[in-house]
Amino acid sequence: MQRIIDTNVNVSAFAGALKSAGVGTVIRYYCKGVSKRLGPDEAQTLAAAGLSLAVVYEDRAGAENLGGSIADLTATTGAADALRALEQAHAVGQSAGSAIYFAVDRDFVKPSELASIKDYFAAVKDQIGGRYKIGVYGSGLVSLMVEGAGLVDYIWLSLSTGWTGYQKCAASGKTTLLQKSDKAWPGGGFSYDENVPAQGVTDIGAFALGGGVAPVEPAPTGTLFSVNARGGLNLRRGPGVQFEVARTLVFGTIVHGMSQVEGWTLVDIEGDGQADGYLSTGFLTHLA
């Protein structure tokens, strides 16, 4: 299991199990409603279990499936969202100098949309006033735009690898965190996304209650790749088609390359430094 997960569910009841499963950091939400919001009690429970926290602010953030639009991301909404995030950070006890990410949850590409998003983050930065660092969650295009404008400190790439600019951003050396896969906790209870830090990154803006900014474990040494076969790619137990298929990885799956031999790449899927099998190198896109 990856060391960093994000979820929109209160996972207080799973704190000990998450720690035992190898999770080190849980990313949770600030928002208008209460159903997915990180609260003080949950933060204390996760901290007591030895887990660090990171946070992202998102209501609709333009998400089409939630009825969102670019109207969610304007200078006016940016100021309001930032103030609400500050109030919730204070309630939780978020450490100064850690980060609050703000989500852009659609593949916006029109110049007018990008201008509105830029205004949103400029307003966020004005309100945050240096009390916390600022991150963006979204597409590669949006992320590189606001980072280039000096409006954010961290980039968290959405797992939507087909969104505009994904590969460019992932390979830019500016990405902090890559969302990797959507999973369900064994036995039910909640769903979550796995995440992996970009190569060499140990600071994603996470925090430990009362303990300041919390570093994360770096990704295992090796090159990051994503699966570019639209129909999925077979993970084999050896470097060749004659070897048994262990499983099939879906398009966009992020893996760590450990070594290469005759057109095949030995990969680590779980991010634990252990080899999981071989993938055909021709169907992998180099990320970083």
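Here is what the cut-offs are and how they apply
- Residues numbered from 1 in each chain as written.
- Predicted model: local features only at pLDDT ≥ 70, side-chain atom pairs only at ≥ 80, totals over all residues.
- Heavy atoms only, no water.
- Helix = DSSP H or I, 4+ residues; strand = E, 2+ residues; numbered from the N terminus.
- Rg over C-alpha atoms; globule rule 2.2 N^0.38 Å.
- Buried < 20%, exposed > 50% of the residue type's maximum accessible area, 1.4 Å probe, protein only.
- Contact = heavy atoms within 4.5 Å.
- Areas by Shrake-Rupley, 256 points an atom, 1.4 Å probe, with all protein chains shown as cover.
- Expected span 1.5 Å × (residues − 1).
- Phe/Tyr/Trp six-rings, centres within 6.5 Å; stacked < 30°, edge-to-face > 60°.
- Lys NZ or Arg CZ within 6 Å of the ring centre and 35° of its normal.
- Axes fitted to C-alpha atoms, helices over the stretch in contact; angles between N-to-C directions.
- Left-handed = near helix turned anticlockwise from the far one by under 90°.
- Parallel < 35°, antiparallel > 145°, perpendicular 65-115°, else oblique.
- Nonpolar A, V, L, I, M, F, W, Y, C, P; charged D, E, K, R; others polar.

A. Layout of the overall build of the protein. Within the protein one finds 6 helices and 17 strands. Whereas a compact globule of 288 residues would reach a radius of gyration of roughly 19 Å, the protein reaches 19 Å, a difference of no more than 12%. With the C-alpha coordinates of the protein rotated into their principal frame, the extents come out at 60 × 45 × 30 Å. Burial status across the protein gives 51% buried among its 288 residues. The contacts in the protein between residues at least 6 apart in sequence include a share of 60% that link residues at least 24 apart. When the accessible surface of the protein is totalled, it reaches about 11,900 Å², and 51% of it is carbon and sulfur.

B. Looking closely at helix 3 (residues 75-92). With 18 residues, helix 3 should cover 26 Å at 1.5 Å per step; its first-to-last C-alpha distance of 26 Å lies within 8% of that length. For helix 3, the set of buried residues is Gly78, Ala79, Asp81, Ala82, Ala85, Leu86, Gln88, Ala89 and Val92.

C. Layout of the packing of aromatic side chains. Within the structure shown, the criterion is met by 10 aromatic pairs. An angle of 70° between the planes, with centres 4.7 Å apart, marks the rings of tyrosine 137 and tryptophan 156 as edge-to-face. With a gap of 19 residues between them, tyrosine 137 in strand 5 (residues 133-138) and tryptophan 156 in strand 6 (residues 154-157) connect regions that are remote in the sequence. On the accessibility criterion, tryptophan 156 (2% relative accessible area) is buried. Here a set of aromatic residues connected by ring pairs shows up, and it is made of Phe14, Trp185, Phe190 and Tyr192. One cation-aromatic arrangement involves arginine 230 over phenylalanine 251; the distance from NZ or CZ to the ring centre is 4.9 Å.

D. Examining the packing of helix 3 against helix 4 (residues 111-128) more closely. Orientation of helix 3 relative to helix 4, taken along the N-to-C sense of each, is 35°, at an axis distance of 7 Å. As helix 3 packs across helix 4, the resulting crossing turns out to be right-handed. Of the residues in helix 4, those touching helix 3 at Ala75, Thr77, Gly78, Ala79, Asp81, Ala82, Leu83 and Leu86 are Asp119, Tyr120, Ala123, Val124, Gln127 and Ile128.

E. Fine view of the packing of helix 4 against helix 5 (residues 140-148). Two elements in contact, helix 4 and helix 5, have axes separated by 10 Å at closest approach and are oriented at 50°. Taken together, the axes of helix 4 and helix 5 lie oblique to each other. The way helix 4 lies across helix 5 gives a crossing that is right-handed. Between helix 4 and helix 5, the contacting residues are Leu114, Ile117, Lys118 and Phe121 on the first element and Leu141, Val142, Met145 and Val146 on the second. Considering only residue class, the contact of helix 4 with helix 5 consists of 7 nonpolar, no polar and 1 charged.

F. The arrangement of the environment of histidine 286 in detail. Mapped onto the elements, histidine 286 comes out in strand 17 (residues 284-286). Owing to a relative accessible area of 48%, histidine 286 belongs among the partly exposed residues under this scheme. Each C-alpha atom, one on histidine 286 and one on glycine 173, is 12 Å from the other, the two residues being 113 residues apart in sequence.

Remember that the coordinates give geometry; whether it matters functionally is a separate question.
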